[in-house]
Amino acid sequence: MAPPISLTGITWNHSRGLVPMVATAQRFAEEHPDVEIVWQKRSLQEFADFPIEKLAETFDLLVIDHPFVGFAAHHPVLLPLDEYLPAEFLADQAANAVGKSNASYIFASDGHAHQWALAIDAAAPVSSYRPDLLAHAGVTAPATWTELLDLARLGRVALPAIPVDSLMHFYMLCGGLGEDPFGETEVVVAPEAGVAALEQLRELVSLCAPECFARNPIATYEAMVAGDAIAYCPFAYGYSNYARPGYARTPLQFAGLVLSTAGIRLRSTLGGTGLAISRSCAYPEVAAEYAQYVASSSCQRGTYFASGGQPGDRRAWLDPEINAACGNFFLQTLETLDEAYLRPRYDGYLHFQERAGTAVHAYLRDGGDAAAALERLNEMYRESQEAPPNERPTD
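Residues numbered from 1 in each chain as written. Predicted model: local features only at pLDDT ≥ 70, side-chain atom pairs only at ≥ 80, totals over all residues. Heavy atoms only, no water.

On to the sheet that holds strand E7 (residues 125-129), then. The 3 strands are arranged E8-E7-E9 in an open sheet whose pairing can be described as antiparallel. In this open sheet, the two edge strands, each paired with only one partner strand, are strand E8 (232-237) and strand E9 (253-255). The sheet shows a mean angle of 35° between the axes of neighbouring strands, taken without regard to direction. In the sheet, E7 pairs with E8 via 4 bridges, with the strands oriented antiparallel. Considered in E8, the bridge of Tyr-129 is made with Tyr-232. Across the face of the sheet, helix H15 (residues 329-338) comes into contact with E7 and E9 while running at roughly 25° to E9. (Pairing = 2+ DSSP bridges. Helix = DSSP H or I, 4+ residues; strand = E, 2+ residues; numbered from the N terminus. Axes fitted to C-alpha atoms, helices over the stretch in contact; angles between N-to-C directions. Contact = heavy atoms within 4.5 Å.)

What follows is about unusual backbone geometry. Positive phi, close to 70°, is recorded for Phe-182, a residue that is not glycine. With respect to the helices, strands and loops of the structure, Phe-182 is situated in the loop between helix H8 (163-176) and helix H9 (191-206). Even without a glycine there, the phi angle at Asn-328 is positive, about 60°. Mapping Asn-328 onto the fold places it in the loop between helix H14 (320-324) and H15. Overall, Asn-328 belongs to the partly exposed group, its relative accessible area being 33%. (Buried < 20%, exposed > 50% of the residue type's maximum accessible area, 1.4 Å probe, protein only.)

Turning next to the sheet that holds strand E1 (residues 5-12). Sheet architecture is open: 5 strands sit in the order E2-E1-E3-E10-E6, paired in mixed fashion. Of all strands in the sheet, those bounded by a partner on one side alone are strand E2 (35-42) and strand E6 (118-121). When the angles between neighbouring strand axes are averaged without regard to direction, this sheet yields 30°. Relative to the sheet, helix H1 (residues 19-31) contacts E1, E2, E6 and strand E10 (273-277), its axis offset from that of E2 by approximately 175°.

Here we come to the packing of H1 against helix H11 (residues 284-295). One way to put it is that H1 packs onto H11 with a least axis distance of 11 Å and a crossing angle of 120°. At the point where H1 passes H11, the crossing takes the right-handed sense. Here Met-21, Thr-24, Ala-25, Arg-27 and Phe-28 of H1 lie close against H11, whose contacting residues are Val-286, Glu-289, Tyr-290, Tyr-293 and Val-294. Of the residues assigned to the contact of H1 with H11, the class counts are 7 nonpolar, 1 polar and 2 charged. (Left-handed = near helix turned anticlockwise from the far one by under 90°. Nonpolar A, V, L, I, M, F, W, Y, C, P; charged D, E, K, R; others polar.)

This part covers H9. The end-to-end C-alpha distance of H9, which contains 16 residues, comes to 22 Å, matching closely the 22 Å that a straight helix rising 1.5 Å per residue would cover. Those residues of H9 not exposed but buried are Ala-193, Gly-194, Val-195, Ala-197, Leu-198, Gln-200, Leu-201, Leu-204 and Val-205. Those residues of H9 that are buried lie in contact with helix H7 (145-153), H8, E8, helix H16 (349-366) and helix H17 (370-386). (Expected span 1.5 Å × (residues − 1).)

Here it is, written out as structure tokens:
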């Protein structure tokens, strides 16, 4: 006989995304025999592109990206978790966050700040490398942008450059030139910094194999561990799985980011995922109890990490046993996550991100006038702020 309470969830298709949710659901059901939680998966691209509001009509639990919370705050899609979870638990989450991960899921609705998801997973672009291949080439991991280009000229560098990753790299390079994007209401970034960032990124990508244009972070890491051509990736959303012995043919080492041409340490764009509850959920209290369990420090440092998860709890990132199990991935990259840039979350931003990523990707692939490409981004930015979601351009 099936349990009387059944919940469904949707996450993304990777060992880091699916397996820990299945494992935590299994353990929760063992402790709550009247509850069954079934997780399904979607591709990483679908995770970025498919409207979450549509998924919320079908699923009770959703693993989401934080830029969605601006939409959620203005539409009846997700439950405000602060109305279902203890205040002391939420305070503990805030006190033990990795960078802005917890804060990224807090957004105001009707003048009140609400927690729309729990930061169960923390990530940002970090560097990765194959120590054996660097040693064989007689080089060390680069520390500056100039050294990165020198290594790329040797044909040993790759980075993910599909549209969304290209846009995140652009944000990072703007910051490396002293201009974080979206500081102004009318333009994405000041023209001088924006043009320079686009040109610098295109120079780097032009020194890498064209396959980069079709690779996301997962595909990049798979290429690094499957063959021996790629020795170094300067920035891609970190996956601790690839640092764990036995997960891939050759474990990767992970580290921070190089200095920009302005001598500023690059600050990558915050990623990670949050666990949210749909407003259509028939058992919100049970779903909230499960969410609290997954985000708890004991689960994050135990079942969640052990099953391939990348915790959002800072105590897990500092745990010596966890770091020993993955080549110190967490200790080596924590500073980068603490410094990571938080992109906009306004209602309409995701529409901008989709279109802008395509535009940056096209410039990196085909070249052209960087100033004209930047102005197109500015037009998209203004349109995303001005038009209602269902009236925004779709080109």
